[in-house]
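# Structural overview
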Amino acid sequence: MFAYVEKKMIRKRKNGTSIVAVLLLLTIFSIQETVMASFVMNKNTKVFFRPSSFTHGLSRGKNRKLYSASPSSTTATILVGGASVAGQDPDRAGKVNQDRYFHFEYYIEEEGEDQQILHVLGVMDGHGRQGHLLTEFLKDQMPKVIQEELRNQLLDVPKSGRHFESAIEHALSTSFSEVQALAERTADVPAFRSGSTCVVCIVDDKNGFVISANVGDSMAILGQWLTESIEVTKLTIPTVASRNDERNRVNEVMSINKDNGARIDSMGNLWFGPVGVAMTRALGDSALRKAGLISNPEISLHRTDASQNAAVLLGTDGIFDVMSAELALDYIKNLGENHRDETVDNIADSAALQLVLKSRELWQNGLPIEVKIDDSTCVLFSRFMTPGECIRA
């Protein structure tokens with residue numbers, strides 16, 4: 001049901017291993033784990049892009065220890081992972097999972113300074129008959145485009161401050177436009193009558209901010225654990241016609257194209273002739289441009305407290321239609337407590353899997369019959385502060 005990607009260390013056999021076999025294993029390991037594209041940004045700066053293992057189901061997270069705001073007393077353990085579970089539809093045998101997700105790390109290094117990492121996470125929820133083909137394309141292409149745009153936009157920009165943040169915002173906005181254009185001109189990508197939500201978050205834990213880009217009704221939330229409570233922040237707002245600002249924007253476009261069947265129905269769906277969708281922004285869905293649907297993302301920036309346990313959670317509506325942000329965060333709040341007893345590769349993925357399986361349980365609602373269940377997908381970034389010497393792994 002799920003696709004697992006295992007990371008294995010290469011160990012030398014006691015009875016000897018052939019040189020050819022060793023070289024082959026080392027080559028595979030190098031390709032999957034250690035090969036990074038390095039780009040010279042300026043005289044003293046290099047950027048490294050390490051692609052993660054993108055899979056239909058699970059993608060392995062990382063366990064890293066970074067300097068916290070108080071390096072003499074605490075260490076921040078960073079965990080990243082995700083999971084996706086297909087839904088079901090009694091009226092559609094063989095329903096496929098149209099959700100996808102990705103995560104990767106973007107490295108910035110300057111001579112004489114600590115390594116800086118941008119954590120990039122994304123989720124997509126496809127719609128239309130071939131929405132799964134579009135989201136598969138987006139899962140593959142969006143990380144590549146974001147990486148290239150970050151490289152271009154961060155050229156000669158300081159590693160902190162408003163100019164740095166603005167460059168990342170611009171990189172995200174441009175990436176959505178570039179991917180939309182790429183999808184439209186790729187013959188085997190169904191970008192006309194199929195579409196997808198897309199939420200992307202870039203987490204800079206060192207500088208203490210999250211920048212989000214969003215089209216559609218998938219969501220991203222931030223949880224920061226205080227002494228006795230949790231502070232929940234919605235990083236994105238669904239782009240739907242029930243929002244007055246989105247409805248007004250769409251109506252301006254529709255006023256020009258009413259004669260061609262552009263309309264909003266009583267349920268808030270956008271229509272252009274026989275083609276309809278339940279959102280005002282999406283990737284793909286080129287058929288609905290004259291109805292006011294656009295691919296431009298809404299961009300937001302939120303500050304984080306580097307001294308607190310925190311999590312950034314991105315999820316499709318298969319999760320957030322059946323559980324609150326607080327309930328979703330409950331499944332990852334204890335993620336860091338037992339991380340020393342787990343392998344590096346499965347901690348965050350395990351929490352993500354628990355979350356999507358819980359959402360499926362809530363969709364079933366205890367009924368003894370087969371019910372309609374939406375695809376459920378999430379990807380998460382977690383930071384847990386632990387006392388002790390500050391180390392770097």
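If you're wondering where the values come from, they're calculated on a predicted model, not measured in any experiment. (Residues numbered from 1 in each chain as written. Predicted model: local features only at pLDDT ≥ 70, side-chain atom pairs only at ≥ 80, totals over all residues. Heavy atoms only, no water.)

What follows is about unusual backbone geometry. Residue aspartate 285 is not a glycine yet carries a positive backbone phi of 50 degrees. When you line up the elements, aspartate 285 lands in the loop between strand E15 (283–284) and strand E16 (298–303). You will see that asparagine 365, though not glycine, has its phi angle at about 60 degrees, which is positive. Counting through the fold element by element, asparagine 365 comes out in the loop between helix H7 (347–364) and strand E18 (376–387). (Helix = DSSP H or I, 4+ residues; strand = E, 2+ residues; numbered from the N terminus.)

Within the secondary structure layout, glutamate 165 lies in helix H3 (residues 162–184). Among the polar contacts made by the side chain of glutamate 165, one reaches the side chain of arginine 162 at a distance of 3.1 Å. (Polar contact = N/O pair within 3.5 Å; in protein donor to acceptor, adjacent residues only side chain to side chain.)

Counted residue by residue, strand E9 (residues 209–215) has seven buried out of seven residues, so it is predominantly covered. Across the two faces of E9 the burial is the same, with Phe209, Ile211, Ala213 and Val215 and Val210, Ser212 and Asn214 all buried. Of the pairings in the sheet, the one linking strand E8 (residues 198–204) to E9 comprises seven bridges and is antiparallel in character. Paired with cysteine 201 across the two strands is serine 212, which belongs to E9. Count of turn residues in the E8/E9 antiparallel hairpin: four residues, of which glycine 208 carries a positive phi of about 75 degrees. Across six bridges, the pairing between E9 and E16 is antiparallel. Residue serine 212 lies in a different strand from E16, and its bridge partner there is serine 300. (Buried < 20%, exposed > 50% of the residue type's maximum accessible area, 1.4 Å probe, protein only. Pairing = 2+ DSSP bridges.)

Before going further, it helps to spend a moment on the pattern of salt bridges. Under the definition given, this model contains 14 salt bridges. Notably, a salt bridge pairs lysine 95 with aspartate 375, separated by 2.6 Å at the nearest N-O pair. Taken together, the positions of lysine 95 in the loop between strand E4 (74–85) and strand E5 (99–110) and aspartate 375 in the loop between H7 and E18 put the pair 280 residues apart, joining distant regions of the chain. Under the relative-accessibility criterion, lysine 95 is labelled partly exposed at 22%. On the accessibility criterion, aspartate 375 (2% relative accessible area) is buried. As a salt-bridge pair, arginine 151 and glutamate 148 come within 2.6 Å of each other at their nearest N and O atoms. One end of the pair, arginine 151, and the other, glutamate 148, are both in helix H2 (residues 131–153), three residues apart, so they sit about a helical turn from each other. Within the structure, one salt-bridge network assembled from shared partners comprises Arg162, Glu165, Glu169 and Arg303. (Salt bridge = Lys/Arg side-chain N within 4 Å of Asp/Glu carboxyl O.)

Right, let's talk about the packing of H2 against H3 for a bit. Two elements in contact, H2 and H3, have axes whose closest approach is 8 Å; the angle formed by their N-to-C orientations is 140 degrees. Taken together, the axes of H2 and H3 lie oblique to each other. Classified by chirality, the crossing of H3 by H2 is right-handed. Counted together, Leu134, Phe137, Leu138, Gln141, Met142, Val145, Ile146, Glu149, Leu150 and Gln153 of H2 and Ala167, Ile168, His170, Ala171, Leu172, Thr174, Ser175, Phe176, Glu178, Val179, Leu182 and Ala183 of H3 form the full contact between these two elements. Class assignment for the residues of the contact of H2 with H3 results in 15 nonpolar, five polar and two charged. (Axes fitted to C-alpha atoms, helices over the stretch in contact; angles between N-to-C directions. Parallel < 35°, antiparallel > 145°, perpendicular 65-115°, else oblique. Left-handed = near helix turned anticlockwise from the far one by under 90°. Contact = heavy atoms within 4.5 Å. Nonpolar A, V, L, I, M, F, W, Y, C, P; charged D, E, K, R; others polar.)

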